[in-house]
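Here is what each chain is made of, one letter per residue.
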Amino acid sequence: MENAAYIGLSRQMTLRRELDVVANNIANADTNGFKVEQLMVSEEVGQRARNDFIRPGASFVMDQGVGRDFGQGALKQTGRDFDFGIEGEGAFFTVNDGSGEAYTRDGAFTTDPTGKLVTQQGLAVQGDGGDIILDPARGPVTVGQDGTITQEGAIVGRLTLARFETLAALSKDGDGLYRNRSNATPIEATGAKLRQGALEGSNVNPLIEITNLIEIQRAYESVSRMIENTNDLSRRPVE
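The structure presented is a predicted model; accordingly, all values stated were derived computationally and were not measured.

**Quick notes on unusual backbone geometry**
A positive phi angle is found at Glu-152, which is not glycine, with a value near 55°. Structurally, Glu-152 can be placed in the loop between β12 (148-151) and β13 (154-158). The phi dihedral of Asp-175 is positive, around 55°, even though this residue is not glycine. Within the fold, Asp-175 resides in the loop between β15 (170-174) and β16 (177-180). When its relative accessible area of 63% is taken as the criterion, Asp-175 is described as exposed.

**Observations regarding the layout of surface pockets**
Reported here for the largest pocket is a volume of approximately 210 Å³. Looking at the largest pocket, it is lined by 16 residues, and the ones nearest its centre are Val-36, Glu-37, Gln-38, Glu-209 and Asn-212. At the level of secondary structure, the elements contributing two or more residues to the lining of the largest pocket comprise α1 (3-27), β1 (37-45), β2 (59-68) and α2 (206-235). No other element matches α1, which puts four residues into the lining of the largest pocket. Its residues placed into classes, the lining of the largest pocket shows five nonpolar, six polar and five charged.

**As for the side chain of Gln-12**
Tracing the chain through its elements places Gln-12 in helix α1. There is a polar contact of 2.6 Å between the side chain of Gln-12 and the side chain of Ser-224. Beyond its immediate chain neighbours, meaning those up to four positions away, Gln-12 contacts Tyr-220, Val-223, Ser-224 and Ile-227.

**Focus on the side chain of Asn-203**
Within the secondary structure layout, Asn-203 lies in the loop between β19 (198-200) and α2. Here the side chain of Asn-203 touches Val-36 through a polar contact of 2.8 Å, landing on its backbone nitrogen. Each residue touching Asn-203, except ones within four places of it in the same chain, is listed here: Phe-34, Lys-35, Val-36, Asp-69, Phe-70, Gly-71, Gln-72 and Gly-73.

Rules behind the numbers
- Residues numbered from 1 in each chain as written.
- Predicted model: local features only at pLDDT ≥ 70, side-chain atom pairs only at ≥ 80, totals over all residues.
- Heavy atoms only, no water.
- Helix = DSSP H or I, 4+ residues; strand = E, 2+ residues; numbered from the N terminus.
- Buried < 20%, exposed > 50% of the residue type's maximum accessible area, 1.4 Å probe, protein only.
- 1 Å grid on protein atoms, 1.4 Å probe; cavity = no way out; pocket = protein on both sides within 12 Å on 5 of 7 lines; lining within 4 Å.
- Points joined across faces, edges and corners; volume = space filled by probe spheres on them.
- Nonpolar A, V, L, I, M, F, W, Y, C, P; charged D, E, K, R; others polar.
- Polar contact = N/O pair within 3.5 Å; in protein donor to acceptor, adjacent residues only side chain to side chain.
- Contact = heavy atoms within 4.5 Å.

So this is what it looks like as structure tokens:
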């Protein structure tokens, strides 16, 4: 196979991966707190296909992983007491699944039978001092923009938000969760605000993602034709 065909094949491999990323964006367009993703590619110069000093090395297209846009999503009013939207980029709720802390922008919370504030998956939401325990007998819960929780006019806790100096410290862990798999230390996101009775939607623009799907399909077909033409030329006898 000629160098051109190998180069085209490397591009097709990244296009297939890019298609998966874009399709995942579209599938999560209505997911609370979801952040749009994009495949990152780069050039990698490979060795010569032949031992020939005239032929230069071939430049291949390489998959360098997925980048994530942590930009603000639109806040949607729900009116539910245990729905919380974050206003401010780079801030996260902290939750604990028993094995360690994780971070999320999905503020659709509820309470378990003991009054503990938990996610829809049952993970304990963290605040000042750890788990947040509420007493249903004390009436409705009010949460201020700084996370202060009050019942019957008395402060019963505070819901805190965390942030990192660099968001590259976080890796995706499924169910809208991120893990800190680095040595970075989270700090309190004092500049962010909480909105009770609201949820942050995804920052996916469906029109842009559908356009990306069309462009990926066209690019894949174009590369396929190039590879086919290259192979046809290599099979033809020299006259």
